[in-house]
Amino acid sequence: GFDSEMWTLIKPGEKKSEIKGGLQVRRFSNTFSLLMNLFFDKNIKLIHAHLRPFIPSLLSPLSFKKCVLTPHTYELGSNKFVKMVSLFFMKKFDRVIALTPYEKKIYLRNGLKKEKVVLFPHAIDCDFFSRKPKMNSFSIRKKYGIRKNDFLITSVSNFRRFKNLDSMLAAFGVFSKKVKNTKFIVVGINQYKNS
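Worth saying up front: this structure is predicted, and the values here are computed from it rather than measured.

Student: Before we move on, can you summarise the nonpolar core with the specific residues and values?
Tutor: Counting residues in each nonpolar core, the largest one holds 23 residues, and the members touching the most others are Leu38, Met90, Tyr107 and Leu112. At the level of elements, helix H1 (31–40), strand E4 (46–50), strand E5 (66–70), helix H3 (80–90), strand E6 (95–98) and helix H4 (101–109) are the ones that each hand at least two residues to this core. Once residues within four sequence positions are removed from consideration, Tyr107 is found in contact with Pro71, Thr73, Tyr74, Leu76, Met90, Val96, Ala98, Leu112 and Val117.

Student: Outline the packing of aromatic side chains, listing residues and values.
Tutor: All chains considered together, the criterion is met by seven aromatic pairs. Centre to centre, the rings of Phe39 and Phe40 are 4.9 Å apart; their planes meet at 90 degrees, and the pair counts as edge-to-face. The exposure class of Phe39 is partly exposed, given its relative accessible area of 31%. Taking 5.1 Å as the distance between ring centres and 90 degrees as the angle between the ring planes, the aromatic pair formed by Phe88 and Phe89 counts as edge-to-face. On the accessibility criterion, Phe89 (13% relative accessible area) is buried. A network of ring pairs unites the aromatic residues Phe39, Phe40 and Phe64 as a single cluster.

Student: Tell me what's going on with the pattern of salt bridges, and back it up with residues and numbers.
Tutor: Scanning the model with the defined rule gives four salt bridges in all. Here Arg27 makes a salt bridge to Glu18, at a shortest N to O gap of 2.8 Å. Per residue, the accessibility class of Arg27 equals that of Glu18, and both read buried. Between Asp150 and Arg147 there is a salt bridge whose closest N-O contact spans 3.2 Å. The exposure class assigned to Arg147 is partly exposed, which follows from its relative accessible area of 48%. A cluster of three or more residues bridged by salt bridges with shared partners is formed by Glu14, Glu18 and Arg27.

Student: An account of the sheet that holds E4 is needed here, citing residue identities and associated values.
Tutor: In space, the four strands of this open sheet follow the order E4-E5-E6-E7, with parallel pairing throughout. What marks the edges here is a single partner per strand, and that holds for E4 and strand E7 (117–119). Going from strand to strand, the sheet's axes swing by 25 degrees on average, the running direction of each strand aside. The sheet contact formed by E4 and E5 spans five bridges and is parallel. Within E5, the position partnered with His50 by the bridge is Thr70.

Student: Describe H4, naming the residues involved and giving the relevant values.
Tutor: Every buried residue belonging to H4 is among Glu103, Ile106 and Tyr107, and all of these are buried. In an axial view of H4, the angular spread of the buried residues amounts to 95 degrees, which keeps them on one side of the axis. Opposite the buried face of H4, by more than 90 degrees, sit the exposed residues Pro101 and Arg109. On its buried face, H4 sits against H3, E6 and E7. Taken from the residues just after H4, Gly111 is the one with a positive phi, measuring 100 degrees.

Student: Hey, could you go over the side chain of Asp150 for me, with residue numbers and the actual values?
Tutor: Looking at where Asp150 falls in the secondary structure, it is placed in the loop between helix H6 (137–144) and strand E8 (151–156). For Asp150, a relative accessible area of 10% corresponds to the buried category. At a separation of 2.7 Å, a polar atom in the side chain of Asp150 contacts the main-chain amide nitrogen of Arg147. Residue contacts for Asp150: discarding those within four places in its chain leaves Gly145, Asn181 and Lys183.

Reading the values: the criteria
All residue numbers here refer to positions counted from 1 along the written sequence of the relevant chain. Whole-chain, interface and lining totals are the exception, using all residues; otherwise, since this is a predicted model, local features are given only for residues with pLDDT of at least 70 and side-chain atom pairs are given and counted only at 80 or more. To get the side-chain values, all heavy atoms of the structure are used, and hydrogens and water are removed first. Only buried residues count toward a nonpolar core. Its members are Ala, Val, Leu, Ile, Met, Phe, Trp, Tyr and Cys residues joined through side-chain atoms within 4.5 Å. The buried label goes to any residue with under 20% of its type's maximum accessible area, the exposed label to any with over 50%, and the partly exposed label to all in between, with areas taken from a 1.4 Å probe on protein chains only. Strands here are runs of E lasting at least two residues and helices are runs of H or I lasting at least four, both read from the DSSP assignment and numbered beginning at the N terminus. Residues count as neighbours in contact if any of their non-hydrogen atoms are within 4.5 Å of one another. Think of it this way: a Phe, Tyr or Trp ring, Trp meaning its six-membered ring, pairs with another when their centres are within 6.5 Å, and the plane angle makes it stacked under 30 degrees, edge-to-face over 60, tilted otherwise. Here, a salt bridge means any side-chain nitrogen of Lys or Arg that lies within 4 Å of a carboxyl oxygen of Asp or Glu. The pairing criterion for strands is at least two bridges between them, as found by DSSP. Helix axes use the C-alpha atoms of the stretch in contact, all axes being lines fitted to C-alpha atoms, and the angles between their N-to-C directions lie in the range 0 to 180 degrees. The directions considered for the arc run from the helix axis to the C-beta atoms. N or O atoms closer than or at 3.5 Å make up a polar contact, with two conditions inside protein: a donor-capable atom paired with an acceptor-capable one, and, for residues adjacent in sequence, both atoms drawn from side chains.

In structure tokens, the structure reads:
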């Protein structure tokens, strides 16, 4: 019974307001403008903020409305200061949604109250993941030159700059000199242009 809107920051070439997939999308020029609109709009009864590192999401409790946060990351910050600020604001949310048991454990370990952290796992498309794979393990090993006794490290992700793929590659370079017969397989979409 709620009318929903998506509020975010505007990027060059985007419209300030439009309907996408039946959903009203509003875009603001900066975080302050977005937060002021949240604060003064009396029609807003609930804010569901996504992505902890996104500043407008993290600061949305400043609107003094009911707020829920889905952080989409168990990382609480890139340094101690960011972690401290993140936890300060995360504690202001009415609920914080963890998508994995590990994520929930991280939040509780860092001082979020048990009654505020809700485990709400991602839905799994059982039909998709139940399909017979197109390649068996032998053909995958053959394609990528993986021998039976190789030590295999994999990373599956949408690769973006902040995920430090370059650091993983450098660490693997050091590791592979000490541990022979190793392979590092990177699986995912190249998202480097999206930060």
